[in-house]
Amino acid sequence: MYIDVWATWCGPCNAEIPHLKKLEEEFEGRNIYFVSISCDDSRNAWERFVQVKQLGGIQLHMGGDKSFMEAIRCKGIPRFMLIDQDGKFLNANMPRPSDGKTLEILNALPGL
């Protein structure tokens, strides 16, 4: 899983959306999930944003509970992580989708 912790109001998060969409297209049908977890306070604003921007992947909302962010020691967004199918962190601080290293890392994963 390539996980993105983000928010609708976050400029750098929004700048990564086109790049994340491109990654999702590149790996469509392959053994990887793209999961975006919003830390927005307003669920309605998040839902509207997801619809208007036609975001793909798996879209989740924290529902106001920031314990996940505390557990992963997330001090800023966007935050990208790579987790294997057993729940082990392969990279707790993955490069952003706009970084060419991300594609290299994902292409090197066994089973993709």
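Here's what I pulled together on the structure shown here. Nothing here was measured: the structure is a model prediction, and the numbers come from that model.

A few points about the nonpolar core
One recurring pattern in soluble globular proteins: nonpolar side chains tend to sit buried together. The biggest cluster of nonpolar side chains holds 21 residues, and the ones touching the most others in it are I3, V5, M69 and I77. Broken down by secondary-structure element, the contributors of at least two residues to this core are β1 (2-6), α1 (11-26), β2 (34-38), α2 (43-53) and β4 (79-83). Apart from the residues within four sequence positions on either side, V5 is in contact with I37, M62, F68, M69, I72, C74, I77, P78, R79 and M81. Counting eleven residues, the second-largest nonpolar core is a separate cluster that includes F34, F80, M94 and L106.

Section: a nonpolar patch on the surface
Residues M1, Y33, I58 and L60 make up a contiguous nonpolar surface patch of about 370 Å² in total accessible area. Assessed through its relative accessible area of 36%, I58 is described here as partly exposed.

Looking at the sheet that holds strand β3 (residues 58-61)
The five strands are arranged β3-β2-β1-β4-β5 in an open sheet whose pairing can be described as mixed. Two strands close off the open sheet at either side, each with one partner strand: β3 and β5 (89-91). When the angles between neighbouring strand axes are averaged without regard to direction, this sheet yields 30 degrees. The strands touched by α2 within the sheet are β1, β2 and β3, with β3 carrying the most contacts at an inclination of about 165 degrees.

About the thresholds
- Residues numbered from 1 in each chain as written.
- Predicted model: local features only at pLDDT ≥ 70, side-chain atom pairs only at ≥ 80, totals over all residues.
- Heavy atoms only, no water.
- Core = buried A, V, L, I, M, F, W, Y, C linked by side-chain atoms within 4.5 Å.
- Buried < 20%, exposed > 50% of the residue type's maximum accessible area, 1.4 Å probe, protein only.
- Helix = DSSP H or I, 4+ residues; strand = E, 2+ residues; numbered from the N terminus.
- Contact = heavy atoms within 4.5 Å.
- Patch = residues over 30% accessible without salt bridge, like charges linked within 9 Å, V, L, I, M, F, W, Y side chains within 5 Å.
- Areas by Shrake-Rupley, 256 points an atom, 1.4 Å probe, with all protein chains shown as cover.
- Salt bridge = Lys/Arg side-chain N within 4 Å of Asp/Glu carboxyl O.
- Pairing = 2+ DSSP bridges.
- Axes fitted to C-alpha atoms, helices over the stretch in contact; angles between N-to-C directions.

Purely geometric stuff here, so don't read any function into it on its own.
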